[in-house]
Amino acid sequence: MEYFLIIISAIFVNNILLAQFLGICPFLGVSNRLSTATGMSGAVCFVITLATVVTYLVNRYLLVPFGLEFLQTIAFILVIASLVQIVEIVLKKISPSLYQALGIFLPLITTNCAVLGVAITVVSKEFTFGGAAHMLNLGEAVVYAFATSLGYGLAMVLFAGLREHLASNNVPKMFRGLPIALITVSIMAMAFLGFSGMV
Amino acid sequence: MGKKISLILDGFVRNNPTFVLVLGMCPTLATTTSAVNGLAMGLATLFVLVFSNMAISAIAPMVPDKVHIPVYIVVIATFVTVLQLLMQAFVPSVYATLGLFIPLIVVNCIVLGRAEAFANKNGVVASALDGIGVGLGFTVSLTVIGIVREILGSGSVFGWKFIAGDGILAFVMAPGAFLVLGYLMALFNKYLKK
Amino acid sequence: MVLCLTAVCLLCGALLGLVYAATGDAIQAASLKALQASIGQVLPEGGEISEAVTLEEEDQTFEYYVSSKDGKTLGYAVKSVVSGFGGPLTLMVGVLPDGTVYNTSVLSHSETPGLGAKCATDPAFVAQWKGFPASKALKLKKDGGDVDAITASTITSRAYTLAVANAVAVVAFLEGKSGDVDASTGASSENWGG
């Protein structure tokens, strides 16, 4: 039940893009076409889940025991940057087809604040999923990270679909490009507000 | 002297990080629920931008090309952590309000972007000025968005209430952030972008 | 290449260590001050405030502080966390030994701005907790109790009331008036639809 609540909350109620404003730059950048949006979502999903596991362990077994929590930001960003590099190298060797699909997005992900944002949130925030307030354990953290990235993918793919249609419309000149895109996201965010308070 | 001023002014209009370069969207949308929050976030970014620009321009000639990105990220993360510690010590309430978005300055594309595009090719003084210019441009943009959202959403400016009761709550919440940014960007395109 | 990265990391580490050492005391002082301010706000003045005590009951943990003067307990400040509308809602609740709520203050919340977030600012809502007598029922009026809810924020008001009720239950347990802490965690299915 608790895992179910975590998933619903992370995908719909606290959607990372539309409610938490994390990872907006790539969201606006690569949502022009549905295919690139799907590729980016896949890569983000992969990296967020992996990065959360590693940073969770780094925090729990390296930073906290030695009282080095103040190095959290710098340690996490280094972990994420190296992880992205490793994933890139491994993917190239093991699965060239997957690398073809996700590869070009990987370098962009280091500076995607969704990854660092989720990693920091997981180790620093208390959650109440229908129970007492508590810090997430590793299992919950993984589920939370994965569900959050699914929410990222959902918003991204929905938005890319809308944006493909927008491109063929006659938009006033001053609104062309990002302004109309942002207004579209605003309406999507309003729709997602309907989920608030569900969990 | 004229060149120095133009370095700073560039950050406001021609290289405006928010409306022209469209960088650092996450804090722009998330922290502008009021004018004061927008201003604080802008100043925090300004601090990191100036110091990381200076440090990077000083060490750039010594850094091998292959590892320059990791080195820059470490430098930026260091100044972000310095900022975190200083804010926790001296303005804990502001730190609590901005929360997650202070450590996230590390991955703000503006900071790494200026390091790559400007600081590694220019001197320390020019890089500092560039940091001030872009940082102020970011601060002003965030404050403007914050003012608009605060007026519409809470009926106040910088905490000073001019209508009784509530404003249009949607503007304080997530949809309002996207909407205000979209309209401001359209206005910017129409009147300021040449 | 490796040498350069190592050198940069060492330098940055050294700088951070320095700043951390320099700000450590100030950060501790700031957080202590914030804690003392929140306790001072919810308890009668003049008491000697104890160190934090934790009480574990079933699956819930409560942290509380005892204020005493000349060996007599003046009151308890209980940190109470429940699940609000948008996430955890953390209160500091001051309770006198006889079960009267002296005052409450919000430590942190993630309620909707302009709606549930008013639980920290709405004058009528905040004021009703000052000296809330033990004889009154800690439930919203629409649930058959004596608490006035914030307009359009029933779930937040209900969560707030629950947090206070939990704190009162903790004090009743501490004072030996009840065998166990009858606390619940809030926002469960029975609270749906408000």
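Given the structure is predicted, the values throughout are model-derived calculations rather than measurements.

Reading the values: rules and limits
- Residues numbered from 1 in each chain as written.
- Chains lettered and ligands numbered in written order.
- Predicted model: local features only at pLDDT ≥ 70, side-chain atom pairs only at ≥ 80, totals over all residues.
- Heavy atoms only, no water.
- Helix = DSSP H or I, 4+ residues; strand = E, 2+ residues; numbered from the N terminus.
- Rg over C-alpha atoms; globule rule 2.2 N^0.38 Å.
- Contact = heavy atoms within 4.5 Å.
- Areas by Shrake-Rupley, 256 points an atom, 1.4 Å probe, with all protein chains shown as cover.
- Lys, Arg positive; Asp, Glu negative; His and termini not counted.
- Charge placed at Lys NZ, Arg CZ, Asp CG, Glu CD.
- Buried < 20%, exposed > 50% of the residue type's maximum accessible area, 1.4 Å probe, protein only.
- Core = buried A, V, L, I, M, F, W, Y, C linked by side-chain atoms within 4.5 Å.
- Buried area = accessible area lost by both parts, 1.4 Å probe.
- Salt bridge = Lys/Arg side-chain N within 4 Å of Asp/Glu carboxyl O.
- Polar contact = N/O pair within 3.5 Å; in protein donor to acceptor, adjacent residues only side chain to side chain.
- Pairing = 2+ DSSP bridges.
- Patch = residues over 30% accessible without salt bridge, like charges linked within 9 Å, V, L, I, M, F, W, Y side chains within 5 Å.
- 1 Å grid on protein atoms, 1.4 Å probe; cavity = no way out; pocket = protein on both sides within 12 Å on 5 of 7 lines; lining within 4 Å.
- Points joined across faces, edges and corners; volume = space filled by probe spheres on them.
- Disulfide = S-S within 2.5 Å.
- Expected span 1.5 Å × (residues − 1).

(A) Summary view of the overall build of chain C. Scanning chain C for helices and strands turns up three helices and six strands. Walking chain C from its N terminus toward its C terminus, one meets helices and strands in the order α-β-β-β-β-β-β-α-α. In terms of overall dimensions, chain C is more spread out than a globule: its C-alpha atoms have a radius of gyration of 20 Å, far above the 16 Å expected for 194 residues. Seen through its C-alpha atoms, chain C measures out along the principal axes to roughly 70 × 45 × 35 Å. Taking the contacts inside chain C whose residues are at least 6 apart along the sequence as the reference set, 48% of them involve residues at least 24 apart. Surface summary for chain C: the accessible area is close to 9,700 Å², and the carbon and sulfur share equals 56%. Side-chain charges in chain C split into 12 positive and 20 negative, and the spacing between the mean points of these groups amounts to 10 Å.

(B) A look at unusual backbone geometry. Unlike most non-glycine residues, B:Phe158 shows phi in positive territory, near 50°. Along the chain, B:Phe158 falls in the loop between strand S1 (156–157) and strand S2 (160–161). Judged by relative accessible area, which is 42%, B:Phe158 ranks as partly exposed. Non-glycine residue C:Asp70 carries a positive phi angle of around 50°. Inspection of the secondary structure assignment puts C:Asp70 in the loop between strand S3 (60–69) and strand S4 (72–83). According to the relative accessible area criterion, C:Asp70 is exposed, its value standing at 77%.

(C) Inspection of the nonpolar core at higher detail. The biggest cluster of nonpolar side chains holds 128 residues, and the ones touching the most others in it are A:Ile24, A:Ile109, A:Leu116, A:Tyr144 and B:Ile105. Examining the composition of this core, we find that 14 residues originate from one element, helix H4 (residues 68–90) of chain B, more than from any other. When residues no more than four places from it in sequence are discounted, the contact partners of A:Ile24 are A:Leu17, B:Met25, B:Cys26, B:Leu29 and B:Phe178. If you look at the next biggest cluster of nonpolar residues, it comprises 28 residues, including C:Phe62, C:Tyr76, C:Phe132 and C:Val171.

(D) Broad picture of the interface of chain A and chain B. Contact residues are listed per partner, giving 33 residues for chain A and 36 residues for chain B. Counting the surface lost from both chain A and chain B, the interface buries some 3,000 Å², and carbon and sulfur atoms represent 87% of this. When residues of chain A are sorted by the area they lose upon contact with chain B, A:Phe21, A:Met174 and A:Leu182 head the list and together hold 22% of the total. Here chain A is connected to chain B by zero salt bridges. Between chain A and chain B we count two residue pairs in polar contact (both at pLDDT 80 or more) in total. Elements that contribute at least two residues to the side of chain A that touches chain B include exactly helix H2 (24–29), helix H4 (72–94), helix H7 (113–124) and helix H9 (178–193) of chain A.

(E) Quick look at the interface of chain B and chain C. Across the boundary between the two partners, chain B contributes 22 residues, which contact 19 residues of chain C. Taken over both partners, the interface formed by chain B and chain C buries close to 1,700 Å², and the fraction arising from carbon and sulfur atoms is 88%. Interface area lost by chain B to chain C is led by B:Thr78, B:Leu85 and B:Leu169, which between them contribute 26%. Inspection of the region where chain B meets chain C yields zero salt bridges. Connecting chain B to chain C are zero residue pairs in polar contact (both at pLDDT 80 or more). At 12 residues, H4(B) tops the list of elements feeding residues into the side of chain B that touches chain C.

(F) Structural context of the pattern of salt bridges. Residue and element names in this part refer to chain C. One pass over the full model with this rule turns up three salt bridges over all chains. Where Asp148 meets Lys141, a salt bridge forms, and the shortest distance between an N and an O atom there is 2.9 Å. Between Arg158 and Asp143 there is a salt bridge; the shortest N-O distance is 3.0 Å. Of this pair, Arg158 sits in helix H3 (residues 154–174) while Asp143 sits in the loop between helix H2 (123–127) and H3, placing them 15 residues apart in sequence. Relative accessible area serves as the criterion here: at 33%, Asp143 is assigned to the partly exposed category.

(G) Spotlight on the pairing of S4(C). Residue and element names in this part refer to chain C. Pairing of S3 with S4 involves seven bridges; the strand directions are antiparallel. Paired with Ser68 across the bridge in S4 is Thr73. In sequence, S3 turns back onto S4 through a hairpin of two residues, with Asp70 there showing a positive phi of about 50°. Two elements, S4 and strand S5 (residues 88–95), share eight bridges in a ladder whose sense is antiparallel.

(H) Spotlight on a nonpolar patch on the surface. On the surface, B:Ile151, B:Leu152, B:Trp160, B:Phe162, B:Ile163 and B:Ile168 cluster together into a nonpolar patch covering about 560 Å² of accessible area. Inspection of the secondary structure assignment puts B:Ile151 in helix H7 (residues 124–154).

(I) View of empty space enclosed by the protein. One pass over the full model with this rule turns up one cavity of 30 Å³ or more. In this model, the largest cavity occupies a volume close to 100 Å³. What lines the largest cavity is a set of 17 residues, among which A:Cys113, B:Cys26, B:Pro27, B:Val107 and B:Asn108 lie closest to the centre. Put simply, the parts of the chain that give the lining of the largest cavity at least two residues each are H2 of chain A together with helix H2 (25–30) of chain B.

(J) Structural detail: the state of the cysteines. Enumeration according to the criterion identifies zero disulfides over all chains in this entry. B:Cys109 forms no disulfide, and the closest cysteine sulfur to it belongs to A:Cys25, at a distance of 3.8 Å.

(K) Representation of the environment of B:Val50. Residues and elements named next belong to chain B. Considering the arrangement of structural elements, one finds Val50 in helix H3 (residues 35–59). On the basis of relative accessibility, which here comes to 14%, the residue Val50 falls in the buried class. In sequence terms Val50 and Leu83 are 33 residues apart; their C-alpha atoms lie 12 Å from each other.

(L) Structural context of helix H8 (residues 138–167) of chain A. The end-to-end C-alpha distance of H8(A), which contains 30 residues, comes to 43 Å, matching closely the 44 Å that a straight helix rising 1.5 Å per residue would cover. Measuring from the side-chain oxygen of the N-cap residue of H8(A) to the backbone nitrogen of A:Gly139 gives 3.2 Å; that N-cap residue is A:Asn137.

(M) Spotlight on the environment of A:Val54. All names here are of chain A. Residue position: Val54 is located in helix H3 (residues 34–63). Since its relative accessible area comes to 27%, Val54 is described here as partly exposed. Setting aside chain neighbours within four positions, we find Val54 in contact with Val79 and Leu83.

(N) Just the pairing of strand S6 (residues 101–108) of chain C, in detail. All names here are of chain C. As judged from the six bridges shared by S5 and S6, these two strands associate in the antiparallel manner. Looking at S6, one finds that Val95 is bridged to Val101. Linking two consecutive strands that pair antiparallel, namely S5 and S6, is a turn of five residues; a positive phi of about 95° is found at Gly99 within it.

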